[in-house]
Each structure stands twice: as structure tokens, then as C-alpha cells.
Amino acid sequence: ARARSPSSTLSPLVRVKTGHVSTWHSVGEASVTGEVNDESFTMLTLMDVTDDHFSQPDMVGEHATVADLEFAIERRKQRFNTCTESEREILVAEMVQLRLRLLELVESEQSDQPVKVVLGHKFMRKTKKPGSKSMCDRCGATIWRMIQPWYRCHACQYNCHAKCLVDVSRNCAMQKLSSSFITEICPLKGLADQQYMCFECRRRISSSTRPHHLEARLCDYTGKYYCPYCHWNDPHPIPARIVHNWDFTPRKVCRSSLEVLSFMESKACLSLREINPLLFNHVDELIKVKEIREEILIMKMYFVACQNARGNKLLLQLESHQHYVETSHMYSLQDLFDLNNGRLLPELQHIASYFVMHIKVECQVCRAKGFNCELCGADETIFHFDHHCTSCAACHAVYHRTCFKKASCPRCERRRSRRLV
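Position numbers for residues start from 1 in each chain and track the written sequence from start to end. Restriction of local features to residues with pLDDT of at least 70 applies here, the model being predicted, together with a cutoff of 80 or more for giving and counting side-chain atom pairs; totals for whole chains, interfaces and linings are based on all residues. Heavy atoms from the whole structure form the basis of all side-chain values; hydrogens and water molecules are not counted.

1. Considering the overall build of the protein chain
- When you go through the protein chain residue by residue, the secondary structure sums to 15 helices and 20 strands.
- The cut-offs for exposure are 20% and 50% of the maximum accessible area for each residue type, with area from a 1.4 Å probe on protein chains only; residues under the lower value are buried, those over the upper are exposed, and the others partly exposed. Counting every position in the protein chain, which comprises 421 residues, the buried fraction comes to 38%.
- Any two residues having at least one pair of non-hydrogen atoms within 4.5 Å are treated as being in contact. Summarising the internal contacts of the protein chain: among those between residues at least 6 apart in sequence, 55% fall at separations of at least 24.
- Computed with a 1.4 Å probe, the accessible areas rest on the Shrake-Rupley method; for each residue, only the protein chains presented here act as cover. On the protein chain, roughly 24,700 Å² of surface is accessible, and the fraction owed to carbon and sulfur atoms is 52%. Helix and strand definitions follow DSSP, with helices as H or I runs of at least four residues and strands as E runs of at least two, each counted in order from the N terminus.

2. Structural notes on the side chain of Arg 138
- By the element assignment, Arg 138 lies in the loop between β5 (134-135) and β6 (142-143).
- Look at Arg 138: it is buried, it has no salt bridge, and the nearest opposite charge is Asp 167 at 5.3 Å.
- Here a polar contact is recorded for every N or O atom pair within 3.5 Å, except that within protein the pair must consist of a potential hydrogen donor and a potential acceptor, and residues adjacent in sequence are included only if both atoms are side-chain atoms. A polar atom in the side chain of Arg 138 sits 2.4 Å from the backbone oxygen of Asp 167. In this count, Lys and Arg are taken as positive residues and Asp and Glu as negative ones, while His and the chain termini are left out. Any carboxyl oxygen of Asp or Glu that lies within 4 Å of a side-chain nitrogen of Lys or Arg is treated as forming a salt bridge with it.

3. Some thoughts on the pattern of salt bridges
- For the structure shown, the criterion picks out 12 salt bridges.
- Here Glu 215 and Arg 217 are joined by a salt bridge, their closest N and O atoms 3.4 Å apart.
- A salt bridge links Lys 360 to Asp 386, with the shortest nitrogen-to-oxygen separation between them at 2.8 Å. With Lys 360 in helix α12 (residues 344-362) and Asp 386 in the loop between β18 (381-382) and β19 (389-391), this residue pair connects regions lying 26 residues apart in the sequence.
- Owing to a relative accessible area of 31%, Lys 360 belongs among the partly exposed residues under this scheme.
- On the basis of relative accessibility, which here comes to 9%, the residue Asp 386 falls in the buried class.
- Taken together, the shared-partner salt bridges connect Asp 137, Asp 234 and Arg 255 into one network.

4. Side note on the environment of Gln 349
- As for its placement among the helices and strands, Gln 349 is situated in helix α12.
- Its relative accessible area of 40% is what places Gln 349 among the partly exposed residues.

5. Let's talk about the side chain of His 358
- Of note, His 358 is situated in helix α12.
- Sequence-distant contacts of His 358, that is, excluding residues within four places in its chain, are made with Phe 303, Cys 306, Asn 308, Ala 309, Leu 314, Cys 363 and Cys 366.

6. Looking at the confidence of the model for the protein chain
- How sure the predictor is of each residue is captured by pLDDT, a score from 0 to 100. Put simply, the protein chain has an average pLDDT of 80, and 80% of its residues get 70 or more.
- Model confidence for the protein chain, summarised as mean pLDDT per element, is weakest for helix α1 (residues 27-33) at 41 and strongest for strand β14 (residues 251-253) at 95.
- Taken as a whole, residues 1-38 scores under 50 in pLDDT and shows 66 contacts with residues more than four places along the chain or in a different chain.
- Low confidence marks residues 40-59, where pLDDT is under 50. Its contacts with residues over four positions away, or in another chain, come to 29 contacts.

7. Topic: a positive patch on the surface
- Patch criteria: residues need more than 30% relative accessible area and no salt bridge. Like-charged residues are merged within 9 Å; nonpolar side chains of Val, Leu, Ile, Met, Phe, Trp and Tyr are merged within 5 Å. Where a charge lies is defined by one atom per residue type, namely NZ (Lys), CZ (Arg), CG (Asp) and CD (Glu). Taken together, the side chains of Arg 415, Arg 416, Arg 418 and Arg 419 define a basic patch exposed on the protein surface.
- Residue placement: Arg 418 occurs in helix α15 (residues 410-420).
- The class for Arg 418 is exposed, based on a relative accessible area of 58%.

8. Section: the sheet that holds strand β3 (residues 116-118)
- If you walk across this open sheet you meet the four strands as β3-β4-β7-β8, and the pairing is antiparallel. Each of the sheet's edge strands pairs with one partner strand only, and the pair in question is β3 and β8 (159-161). Each adjacent strand pair in this sheet contributes to an overall mean axis angle of 35 degrees, direction not counted.
- Sheet analysis places strand β4 (residues 121-126) next to strand β7 (residues 150-153), joined by four bridges and oriented antiparallel. In the strand pairing of β7, Phe 123 is matched with Cys 153. For two strands to be treated as a pair, DSSP must find at least two bridges joining them. Inter-axis angles, ranging from 0 to 180 degrees, are taken between N-to-C directions of lines fitted to C-alpha atoms, where helices are fitted over the stretch in contact.

Here it is, written out as C-alpha cells:
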């Protein structure tokens, strides 16, 4: 058998009868290996026999689609382990060629689909492929992916039919992201303030069943009224109710609010000490989380100066909570969800214990930065982040909390005495 180069074209299979046995050969291979006599080969050429009508085709013709090429590649993968060494060389060459064709086809499809910008959305035309059911965010109807052209915004995942593209009235959620959530509980003004029209698409709405009016649905996040096309009664916890009442009950919100809340869940933009500082007195777990976060910020100073900690990338333990190494009072909506579900506190306790183990036991450089309480003379090595210890505000020397209440800082006194001398 002869191995083809990746640039060569795939040879079609033809059925050749030699003696009493009929076998399948490619036209190109038959002319090289000599398994087909000249008379048979001439007849096949004259008849222009290029298709295999009996076995399952690999669908690698001139007009093959992406799905056809993927299917052909998968079939060759399945045959790879059951064929001979010479046949494997042919399969490898064919798979290389198929993958190149697949790459070219995908790139050509993407280049033929320019981005359509509508109200901040960047819509891309989607291919007709089977998949999970999608709903049009404009008309609320089902998108039948195999027969209907449709578009999706690659920024906010807004889906719509091609026919609904010109009627899109909702701005892209990525452009509406603000620096903070609405912290006022359902700031309701009433339908008269909206002139009895949907806040988003301006359709006529009413709280009662009136002709030519749609049902008015209240969004508990914005306090605005929307029509059934813009408000699908999607439930979601409201940040204002969580911060003020510690209430995680899902409330009905409109589609645009749902997108904004979903995109901002992991954004640290809730300053609880400014919005509602009394919440720390009501939620015990919140106090413990605050203490651990303050300890982590102190331990961060050890890690920044420790070469071993930087090499082991210890701070990457907080990769999902990056704002914890920057501040101790900013929270994300996801932090509050995890705290209410009982996941956040155990996770932080585990990370904090891992950090303490590095400083006090594993690393000599970090351990050498500890202190001995000069007031009681104990042999215990203490650190800034220990619960039972405190530090002097002037010289940052560390003492036991109970010892420091009864006396002044010896280190500061020594410094004053040197200045006097």
C-alpha cells in the first residue's frame, strides 16, 4: 500500500471484481498496486465510477459540511486500531487532510458571518446544529435550531430569531454593568410614572385586563413594570433584600435584570460596613468571615516578603476570591450566597490554617519574623495575626492582648529613652 501525502485528494472507492471475488479498492491505489487489470481499470475510467453506493459513505465530497468532516474523521479513528500498519499510514494521511479541510471550512464560515451590532449587542449568526432548546429573548418563542436562522450576542448570550433582530429593544447587559448593585429595596414608582408602557420595549401594559394592553409585571430589583415579552417571571435573590434583611428568597425579576445580576454575582461591589454595618451583629458567620479575612491580609505581608511563598504561589489558594487579598470589607453577591449555604466559612478556615502552617511550621524565613512577648517573658512565638495577640500602633511590636492592657509598649519606651540621650 502507498501512503498519501496530506495535500493529496482522497481517492474514491470503487468495486473491482477479480476472478470470483469482488473487493473494494480506491481508483488511485488500483492503478499503483496493479490489483486491477488494465481492462477493468479502463472500463472503470470510462464509466466514471467514483462513488461507493453500497457501504456507509464518509461524506468527504466537495460540498461536505463541518458535521460531515467531523463524522469522517471519527470513522477513521474507529478503524485505526483494527487495520494493518500500511493501512494506518493511509488513515493518518487522510485524517490530516480532513482536519485541514475542517479548519478551512470553519474559518470560512466565521469570515462569512460579520458581527451585527444592535444596541450594544454583538450578534453572531449561529449554524443550524441540533442542541438544547433555546428561547428567543425578543418574542419568547422557541428557536428551532435546525430550520430557523438565529443570532446570539457573544457578550451577554442574548438569543433571538433572525427575523426578530431588527426589533431588539434591550441594551446589552455588559454595557449596563455598574460599579454597584441597587441597594434600595424595590424602588417602586408606579405605572403612571412609566405612562402605562413597558419600561424596556414601550408596549402598552396595564394591571387589569384591558383590550390591546399586556399584563404589567413588576421587577423586584429595579421597581419597574415590564410586559410579558420582557419579563418571564424569572426568580432571583435580590441584593438589597440580602444586605438589609438577610433575605435570600428568590423574587421575580425581568430578563435584563436577570442578566445584570448573573454577570455581577462574582464582582466584589458590596461594602457591608457602609450599606448596613449592623448586619455583622445579626449574622455570626459574617463576623467570623470578617476576622479571617483580616488575618489573611496580615499573612499576605509575610508571603510577599517570602521567596518560598512566592515560589509555591500560596496566594493562588484564594483564586476564586481574589478580592480577599486586597480588602476585608468588600463582598460579592456570590460570597453572600456561599456564606448562607454554609460553604464559605469552612473554605476560608481551611485556607487560613494552610497559611498559618506555612508561617509557623514549614518556613524558617516566615517563622523568624515572629515575636516574643516582652511583658510576660513567655517562650511562645507570637505573630500579628494570632487571635490572642495585639500589636503596638506605633512600632508594630506584638504582645499578648491581656499583657498589653496592663502596661505600655517596652519597645517604644526604649526608643524614647534613646532620643532623650
